[in-house]
Amino acid sequence: MKKNKIIIKTQSKSYPIFFGSKILNSTASLINKNLRNTKKISIVVDKKLPNLFIKTLTMSLKKYKPRIYKLSLNEKKKNFKLAYKLIENLLRDNLSRSDCVIAMGGGILGDLTAFASSLTKRGVKFINIPTSLLAQVDASIGGKTAINSNQGKNLIGTFYQPDFVIIDTSFLKSLPRREMICGYGEILKHALILDGKFFSWLSKNAQKLIDNKDKNILKHAIVQSCKIKAKIINKDEREENSRMLLNFGHTFAHGFEGANNFSKNLNHGEAVILGMMAASKLSYEKKLLKPRDLNLIKKHYVNLKLPMKVEKFFKKNQISKIISFMKKDKKNLNNKLNLILLKKIGKTTKPNSCHVSVLEMKKFLSSFYVK
């Protein structure tokens, strides 16, 4: 597959995202072109990654004699303790600010490594190589770094843009369907919030994307999804206004994940998918979304067997716990839940325009349990 690129332009930095199949072995040449002053490299990888990918990357970078750190990560481990340990290791490697840290793994590993890179000597060079579909279309773009607190998810973090991103679709060949579904949730989100035509295209092609991993369909979906997110981030790097659109479904998702104790029974991508359906239903309840659009979204979920019923994952007595985590969302105002809702497929409410009280949210979630 031909190598393509798009440029992310933010107020603090512009950087390229390179797309292609089997482009991991081009990492050294991309560093030579984009980060010419790099002398040392530290690599942080997911322990679960096949050795072939790790070997491909290290062989490409052999002249740098990179130090490799293999981490086993989940949401519970994405905390200060592990971040501090990684920072100490990077300091022992004696990286200068023109040297480079590379993250190769899913979104959790990318979040943690970017966070550590932003704090090490007030910022070393950072390259992200996302290996899951979810990370490729979401976590790798936009410069949000984060670790979790006991108070909630991603409440400790920085904004730190990478120097470039490599999206190699060959990582996706071995991903199980559940992981493909998780990534697809973000692709679907980008269509729902900003591109009705893309939603129509997904309605025709999503099955081939998820189940067959058709490389041309996959490439188009990833590139289009990244372009939509880039368009938003270009306008609002630090989530002061329009970038909040990307939180469609996420406030619900953080509540679901927290109430589920961040267990594997409901991972982040599934929580976002569930959250988008909840947000779509609330949009309809508030007479913002027409029945036709809600039915199109429901049909899409049913056809792809996406998680869509809150009552299948949570008992009614867990509603208060869900809301307690939703209340901790960073974007809330005046003790009300600050939500992005849909006006139609491809268009949302404006940021900071839709606030829901805790009582209203409790009533809405409780309605799922009325027979």
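Right above here is the structure, for reference.
For clarity, every value in this text was computed on a predicted model and none was experimentally measured.

Definitions and limits used
- Residues numbered from 1 in each chain as written.
- Predicted model: local features only at pLDDT ≥ 70, side-chain atom pairs only at ≥ 80, totals over all residues.
- Heavy atoms only, no water.
- Helix = DSSP H or I, 4+ residues; strand = E, 2+ residues; numbered from the N terminus.
- Rg over C-alpha atoms; globule rule 2.2 N^0.38 Å.
- Buried < 20%, exposed > 50% of the residue type's maximum accessible area, 1.4 Å probe, protein only.
- Areas by Shrake-Rupley, 256 points an atom, 1.4 Å probe, with all protein chains shown as cover.
- Lys, Arg positive; Asp, Glu negative; His and termini not counted.
- Charge placed at Lys NZ, Arg CZ, Asp CG, Glu CD.
- Salt bridge = Lys/Arg side-chain N within 4 Å of Asp/Glu carboxyl O.
- Pairing = 2+ DSSP bridges.
- Axes fitted to C-alpha atoms, helices over the stretch in contact; angles between N-to-C directions.
- Contact = heavy atoms within 4.5 Å.

**Some words on the overall build of the protein chain**
- What the protein chain contains, in helices and strands, is 13 helices and 13 strands.
- Over its C-alpha atoms the protein chain spans a radius of gyration of 20 Å, differing by no more than 12% from the 21 Å that the globule rule assigns to 371 residues.
- Considering only C-alpha atoms, the protein chain reaches an extent of 65 × 40 × 35 Å along its principal axes.
- Per-residue burial for the protein chain yields a buried fraction of 59% across its 371 residues.
- Looking at the protein chain as shown, the accessible area adds up to about 17,000 Å², and 50% of this sits on carbon and sulfur atoms.
- In the protein chain, 72 side chains carry a positive charge and 25 a negative one; their mean positions are 2 Å apart.

**So, the pattern of salt bridges**
- Per the stated rule, a full pass over the model turns up 13 salt bridges.
- Glu270 is the partner of Arg178 in a salt bridge, and the nearest nitrogen-oxygen pair spans 2.6 Å. Here Glu270 lies in helix α10 (residues 268-285) and Arg178 lies in helix α6 (residues 177-194), a separation of 92 residues in the sequence.
- Taking the relative accessible area as the measure of exposure, Glu270 reaches 11% and is therefore buried.
- Across the pair Glu360 and Lys286 runs a salt bridge whose closest N-O atoms are separated by 2.9 Å. Linking Glu360 in helix α13 (residues 358-366) with Lys286 in the loop between α10 and α11 (291-304), this pair joins segments that are 74 residues apart in sequence.
- What makes Glu360 partly exposed here is its relative accessible area of 31%.
- Residue class for Lys286 comes out partly exposed when judged on its relative accessible area of 31%.
- Salt bridges here are not isolated pairs; linked through shared partners, they connect Glu75, Lys78, Asp111, Lys153 and Glu257.

**As for the pairing of strand β7 (residues 144-149)**
- Two elements, β7 and strand β8 (residues 152-159), share 5 bridges in a ladder whose sense is antiparallel. Bridging from a neighbouring strand, Ile147 pairs with Ile156 of β8.
- Hairpin geometry of β7 and β8 is characterised by an intervening segment of 2 residues between the two adjacent antiparallel strands.

**Brief notes about the sheet that holds strand β2 (residues 14-20)**
- The strand order β1-β2-β9-β6-β5-β3-β4 describes an open sheet built from 7 strands, whose pairing is mixed. Of all the strands in the sheet, the pair left with one neighbour each is β1 (4-9) and β4 (67-71). The average undirected angle you get between the axes of adjacent strands in this sheet is 15 degrees.
- Relative to strand β6 (residues 125-130), strand β5 (residues 100-105) is paired through 6 bridges, and the arrangement is parallel. Each bridged residue has a counterpart across the sheet, and for Val101 the counterpart in β6 is Phe126.
- In the packing of helix α1 (residues 27-34) onto the sheet, the strands contacted are β2, β3 (41-46), β5, β6 and β9 (164-168), and the crossing angle to β9 comes to about 160 degrees.

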